Amino acid sequence: MTSNHTDCHYCLQSLCGRKYALREENAYCVTCYDSLFANPCEACKQLIECDSKDLAYKGRHWHEGCFKCAKCSCSLVEKPFAAKDELLLCTECYSDEYSSKCFHCQKTIMPGSRKMEFKGSSWHESCFVCQYCRQPLGTKPLITKDNENYCVPCFEKQFAHHCYSCKKVITSGGVTYHDQPWHKECFVCAGCKTQLSGQRFISKDEYPYCVDCFSKLYAKKCAACKKPVTALGGAKFISFEERQWHGECFNCAKCSCSLVGQGFLTQRDDVLCHECGSA
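Parameters at a glance
- Residues numbered from 1 in each chain as written.
- Predicted model: local features only at pLDDT ≥ 70, side-chain atom pairs only at ≥ 80, totals over all residues.
- Heavy atoms only, no water.
- Helix = DSSP H or I, 4+ residues; strand = E, 2+ residues; numbered from the N terminus.
- Buried < 20%, exposed > 50% of the residue type's maximum accessible area, 1.4 Å probe, protein only.
- Contact = heavy atoms within 4.5 Å.
- Polar contact = N/O pair within 3.5 Å; in protein donor to acceptor, adjacent residues only side chain to side chain.
- Salt bridge = Lys/Arg side-chain N within 4 Å of Asp/Glu carboxyl O.
- UniProt positions renumbered as here; feature names shortened; annotations may be inferred.
- Pairing = 2+ DSSP bridges.
- Phe/Tyr/Trp six-rings, centres within 6.5 Å; stacked < 30°, edge-to-face > 60°.
- Lys NZ or Arg CZ within 6 Å of the ring centre and 35° of its normal.
- pLDDT = per-residue confidence, 0-100.
- Domains from an automatic or database assignment.
- Buried area = accessible area lost by both parts, 1.4 Å probe.
- Nonpolar A, V, L, I, M, F, W, Y, C, P; charged D, E, K, R; others polar.

What is the right way to read the environment of His 183 from this model?
Within the element layout of this structure, His 183 appears in the loop between strand S14 (180-182) and strand S15 (201-204). On the basis of relative accessible area, His 183 is assigned to the buried category, the value being 11%. What His 183 contacts, discounting residues up to four positions off in sequence, is Cys 163, Cys 166, Lys 168, Val 169 and Ile 170. At a separation of 3.0 Å, a polar atom in the side chain of His 183 contacts the main-chain carbonyl oxygen of Val 169.

Would you mind showing me how to read unusual backbone geometry here?
Backbone phi values are negative for most residues with the exception of glycine, while trans is the configuration of most peptide bonds. Positioned with a positive phi, Lys 45 is a non-glycine residue whose angle comes to about 70°. Counting through the fold element by element, Lys 45 comes out in the loop between helix H1 (30-37) and strand S3 (54-57). The class for Lys 45 is exposed, based on a relative accessible area of 58%. Phi is positive for Gln 106, which is not a glycine, with a value near 65°.

Looking at this model, I keep getting lost on the pattern of salt bridges. Mind explaining?
Should the charged atoms of two oppositely charged side chains come close, the side chains can pair. One pass over the full model with this rule turns up 3 salt bridges. Between Glu 42 and Arg 60 there is a salt bridge, with its nearest N and O atoms 3.9 Å apart. Here Glu 42, found in the loop between H1 and S3, pairs with Arg 60, found in strand S4 (residues 60-63); they are 18 residues apart in sequence, far enough to count as distant. Its relative accessible area of 31% is what places Glu 42 among the partly exposed residues. A salt bridge links Glu 125 to Arg 114; its shortest N-O distance comes to 3.0 Å. In this pair, Glu 125 sits in the loop between strand S8 (121-124) and strand S9 (142-145) while Arg 114 sits in the loop between helix H2 (91-98) and strand S7 (115-118), placing the two residues 11 residues apart along the sequence. On the basis of relative accessibility, which here comes to 36%, the residue Glu 125 falls in the partly exposed class.

So what exactly am I meant to see when it comes to the UniProt feature "domain: LIM zinc-binding" (unreviewed entry) in the protein here?
As recorded in UniProt, the sites labelled "domain: LIM zinc-binding" (unreviewed entry) are residues 39-99, 100-161 and 220-279. Split by type, residues 39-99 is 13% helix and 26% strand. Its first and last C-alpha atoms lie 32 Å apart.

Help me understand the pairing of strand S18 (residues 243-246), please; the structure alone is not making it clear to me.
For a regular strand, the rule is simple: side chains alternate between the two faces of the sheet. Here S18 shows no split at all, with Arg 243 and Trp 245 on one side and Gln 244 and His 246 on the other all buried. The pairing of strand S17 (residues 237-240) with S18 spans 4 bridges and is classified as antiparallel. When the sheet's bridge partners are listed, Phe 237 is paired in S18 with His 246. In this structure, the hairpin formed by S17 and S18 is closed by a connection of 2 residues, where Glu 241 is found at a positive phi of approximately 45°.

Sorry, what's going on with the side chain of His 63 here?
Here His 63 is to be found in strand S4. A distance of 3.1 Å separates a polar side-chain atom of His 63 from the backbone oxygen of Leu 47. In contact with His 63, other than residues within four places in its own chain, are Cys 41, Cys 44, Gln 46, Leu 47, Ile 48, Ser 52 and Lys 53.

Quick question: what am I supposed to make of the environment of Cys 252 here?
Counting through the fold element by element, Cys 252 comes out in the loop between S18 and strand S19 (265-267). A relative accessible area of 3% places Cys 252 in the buried class. Note: C-alpha distance between Cys 252 and Tyr 164 (88 residues apart in sequence) is 49 Å. Leaving out residues up to four positions away in the same chain, Cys 252 has contacts with Cys 257, Leu 259, Val 271, Leu 272, Cys 273 and Cys 276.

What is the right way to read the packing of aromatic side chains from this model?
When we look at a pair of aromatic rings, we describe it by the centre distance and by the angle of the planes. Per the stated rule, a full pass over the model turns up 22 aromatic pairs. Considering the side-chain rings of Tyr 177 and Trp 182, the 5.9 Å spacing of their centres and the 70° angle between planes classify their relative orientation as edge-to-face. Residue classification places Trp 182 among the buried residues on the basis of a relative accessible area of 9%. We note Lys 167 situated over the ring of Tyr 164; from NZ or CZ to the ring centre the distance is 4.9 Å.

I'm lost on the confidence of the model for the protein in this one. Help?
Parts of the model with low pLDDT should not have their predicted coordinates read in detail. Here the protein averages 85 in pLDDT, and 95% of its residues register 70 or above. By mean pLDDT, the top-scoring element of the protein is S4 (93), and the lowest-scoring one is H2 (80).

Sorry, what's going on with the domain arrangement of the protein here?
How big an interface is tends to be reported as the loss of accessible area on association of its parts. With domains assigned, the protein is organised as domain 1 (20-97), domain 2 (99-159) and domain 3 (235-278). The straight-line distance from the C-alpha centre of domain 1 to that of domain 2 is 41 Å. Each side of the interface is counted separately: domain 1 has 4 residues, and domain 2 has 5 residues. Summed over both partners, the interface of domain 1 with domain 2 comes to about 380 Å²; 55% of that surface belongs to carbon and sulfur atoms. When the area that domain 1 buries against domain 2 is broken down by residue, the three leading residues are Thr 91, Tyr 94 and Ser 95, summing to 80%. Counting across the domain 1 and domain 2 interface gives 0 salt bridges. Counting every contact that joins domain 1 to domain 2 gives 0 residue pairs in polar contact (both at pLDDT 80 or more). For the side of domain 1 that touches domain 2, the per-class residue count stands at 1 nonpolar, 2 polar and 1 charged.

Right under this line is the structure:
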């Protein structure tokens, strides 16, 4: 370019009829401008002269023709690119080398696209959906079953057990009784309503009862001590003509010797050993 500037600001030679460059309103001949201000190209290490296009990225400079992918050498001018270990790569090469693969579709998650991560794996946002309703999971609560992800409502509809008593979903724990699931807090004695989880209980007409309630409501009374007769804990009892005795209560009414495993005689409401019954 030519102008009214007469001399180079640095070498003071005349600029008449010569190309020159302006910097901070000062004119320089091309030779002085390049030696003073031109940046070296990262690729070819030559100066990027004033009549060449200087492409800059993070403080580094390239000739337009040198601004290429470090792997496939395609031009990156006016194209998206990524940097890795100071190398510039086109998006295709970067994806092949470094990008994550989607756990669902196994395709590359391209740089710049949103990536979802869960349990050490990555998904495209469009692939990270509920297996049942296909709605995006995003950051919503989810439940995984057989390597598939479900939103909580769909998981409950498909897989969760519902309490036999209150009909609500059992989210954790629970008790099985008569092949039916129960919340621990719902599994209570049909008599006194105390929780039975982890406790001894007795079934009656498909309802569970704690030992005390069952004994009060249903257990037969010992003919001797009048207390309830149960077989809990392996306790022995004796039954004879619709009467029951605790093993330790089944004694001769006269001499009090044990009649368990022995022959005995009856005398009205009493049971007697052979000796007392024959006297």
